[in-house]
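# Examination of the molecular architecture
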Amino acid sequence: MEAAVATSRDARGRAASHPRGRGEKSPPDRKVYMDYNATTPLEPEVIQAMTKAMREAWGNPSSPYPAGRKARDIIDTARENVAKMICGKPQDIIFTSGGTESNNLVIHSVVKHFHQTRPSKGSLAELCSPLDGATPHLITCTVEHDSIRLPLEHLVEERVAAVTFVPVSKVNGQVEVADILAAVCPATCLVTIMLANNETGVIMPISEISQQIKALNQKRVASGLPVILLHTDAAQALGKRHVDVEDLGVDFLTIVGHKFYGPRIGALYVRGLGELTPLYPMLFGGGQERTFRPGTENTPMIAGLGKAAELVTRNCEAYEAHMRDVRDYLEERLEAEFDKQRIRLNSQFPGTERLPNTCNFSIQGPQLQGRAVLARCRTLLASVGAACHSDHADRPSPVLLSCGIPFDVARNALRLSVGRSTTRAEVDLIVQDLKQAVAQLEGQA
Ligand SMILES: Cc1ncc(COP(=O)(O)O)c(C=O)c1O
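Residues numbered from 1 in each chain as written. Predicted model: local features only at pLDDT ≥ 70, side-chain atom pairs only at ≥ 80, totals over all residues. Heavy atoms only, no water.

### What to know about the overall build of the protein
Here is the rule: Only runs of H or I of at least four residues qualify as helices and only runs of E of at least two qualify as strands under DSSP, and these elements are numbered from the N terminus. For the exposure calls, accessible area comes from a 1.4 Å probe over protein chains only, and a residue counts as buried if that area is under 20% of its type's maximum, exposed if over 50%, partly exposed in between. Residues count as neighbours in contact if any of their non-hydrogen atoms are within 4.5 Å of one another. Note on areas: Shrake-Rupley with a 1.4 Å probe; residue coverage comes only from the protein chains shown.
Within the protein, the regular secondary structure consists of 15 helices and twelve strands. Taking all 445 residues of the protein together, the buried fraction comes to 56%. Intrachain contacts of the protein at a sequence separation of at least 6 include 72% that bridge at least 24 residues. Split by element, the accessible area of the protein, about 19100 Å² in all, is 53% carbon and sulfur.

### Description of the pattern of salt bridges
Operational definition: The working definition used for a salt bridge is a side-chain nitrogen of Lys or Arg within 4 Å of a carboxyl oxygen of Asp or Glu.
Enumeration over the complete set of coordinates arrives at 22 salt bridges. A salt bridge links Glu 297 to Arg 72; the nearest nitrogen and oxygen atoms lie 3.1 Å apart. Of this pair, Glu 297 sits in the loop between β8 (266-270) and α11 (299-338) while Arg 72 sits in helix α4 (residues 66-85); the two residues are 225 residues apart in sequence, bridging distant segments of the chain. Relative accessible area serves as the criterion here: at 24%, Arg 72 is assigned to the partly exposed category. Glu 310 is the salt-bridge partner of Arg 314, the closest N and O atoms lying 3.0 Å from each other. Taken together, the residues Arg 314 and Glu 310, both in helix α11 and four residues apart, mark about one turn of the helix. Here Glu 310 falls in the partly exposed class, since its relative accessible area comes to 25%. Salt bridges here are not isolated pairs; linked through shared partners, they connect Lys 52, Glu 56 and Lys 70.

### Considerations on the site of the ligand
Put simply, the rule reads: Being near a molecule or strand, for a residue, comes down to having at least one heavy atom within 4 Å of it. The term polar contact refers here to a pair of N or O atoms within 3.5 Å; inside protein, the definition further demands a hydrogen-donor-capable atom paired with an acceptor-capable atom, and it admits residues adjacent in sequence only when both atoms are side-chain atoms. Classification used: nonpolar for Ala, Val, Leu, Ile, Met, Phe, Trp, Tyr, Cys and Pro, charged for Asp, Glu, Lys and Arg, polar for all others including Gly.
If you check the shell around the ligand, you find 13 residues, and the closest are Thr 100, Asp 233, Gln 236, His 258 and Lys 259. Between the ligand and the protein, one listed contact pairs a nitrogen atom with a side-chain N or O atom of Asp 233 at 2.6 Å. The side chain of His 258 places a nitrogen or oxygen atom 2.8 Å from an oxygen atom of the ligand. A total of 390 Å² of accessible area belongs to the ligand in isolation, and the protein chains cover 83% of it. Among the elements that make up the shell around the ligand, the one with the highest residue count is helix α5 (residues 99-117) (three residues). Here the shell around the ligand is built from residues that sort into three nonpolar, eight polar and two charged.

### So, the side chain of His 258
Note that His 258 resides in the loop between β7 (252-256) and β8. Those residues in contact with His 258 that sit more than four places away from it in its chain are Ala 38, Thr 39, Thr 40, Pro 263, Arg 264 and Ile 265.

Written as C-alpha cells, this is what we have:
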C-alpha cells in the first residue's frame, strides 16, 4: 500500500511538509496542507503529460496533418482514460472547463430540452397534455455546491424553472430517496444530487434514487409525461472511492480534474450522448466536442486530465485505504488529545458512508470559532467549509446546519481533508498545532 502511495507523493504535500530526520524540530514556517477537498496539487506524472503535450502536440487537433493528428490522438487517449475511470464509454465524455461548467451545462440543457419537446402552443397535443403549465421542474437538495444551487436559484428568479430544494436528513446527513420521490410532479425533468458532499464527505444514495426514478419513468412515459433525468456531481468522490456510472445508473455525471490531482478542467459524462440522453450546448462555435462544447481543444490540459484519470483507475483502492487510515488516525488523535467530550465529529453519522479523507469537526468552547482557531494555527492549512465560501465572515456553514449540527457547534467547525501523501506524523504535528491555537484563544498561552 505504502509503495503505491509513494509513487504519488504530491508536489504541494512535499513543499508544505518536508520529511525531516528523527528528533529534528519542525521549523516555525513548516506548513501541513489538509485542504485536499478544496484542491489538489498536480501529480508529477500529470505535469509530465501536460508538458509533453505542450511541447510536442501544439497543433490544432482539427488539422489533418501530423501535428494536428498527434494532438487528436492525445485527446482520444485522454477521453478513453476518463471514461475508464468511471466505467463509461469514451463517446459519452465531453471535455469542459471544470465542474461549474459541467453542472451549468446539465441544468440549462435539461430546461431547454423540456421546452423543445413540449407540444407547441395551441396544438391539440398541448390541449391533451397532462402537464400543468409550461415551467420545467427540477429537484435538488439543500447541501449542493454553489455551481448547482446558484444556477437553479437564478432560473427560479427568472421564472424559467421551478425547483424543489429537498432538505437532507438531520439524522444521517443524506438526502432521503422518499423525499425526492415526494417532490416529483408532472413537469419534473431533472433530479440533481451530488455523489459526495464537499464539507461532510457524506455519500448520497444515488443508485437507490436511480432505481426509483427508472421505475417512475416507465409510468411517466406511458402517461405522456417527460422522462426524469438523473445527474450527479461527482467532483468530490472521484479519486477517493470507486465510481461506476452503471452502478449509479445516472444520465449525467460531473468530473472535476483538480480534485483528483489533475489540472483545472473538467468533463461531463452523458449516457448515450445525443442519442439516449439529450444535451444542448451553451456555446456555439467551431463544432469541437461534436458541437456540444465547441472551442479549440486545450490539448495539454486534456492530456493532464487523462493522466490523472489513469492514475485513479490504477491506484484508487490504495489511495482510499491510505486516506482512510490517516483520517481515522486524525479523529482518534483529536479525541485523545482534546478530551472526547470537547470534540464533536460533525461528519460521522451512524450508518452513513462518507469519503475516506474528510474530517469535519468542532472543538467546543465559546471562543473557538473555526476561523479564529485556524487563524492561530502555525502549521495547519485547512478550511472551515467550502473554499468558495471562505469570505462568509463568521456565519456557520449552511451545509452543517442543514445536516442538523447545532448552531454553536457549526460555528466552531473545521474541515480537514487529507490527501494521498498525508502522513500520521503530519497528523501528530497539526493536532499539537491545534492545541496551541486553542490554548492561545483560551488565554493560556
Ligand atoms: C462538489 C463540487 N462541485 C463542483 C465544484 C466546482 O468545481 P470548479 O470550481 O472547479 O468549477 C466543486 C469545487 O469546489 C465541488 O466541490
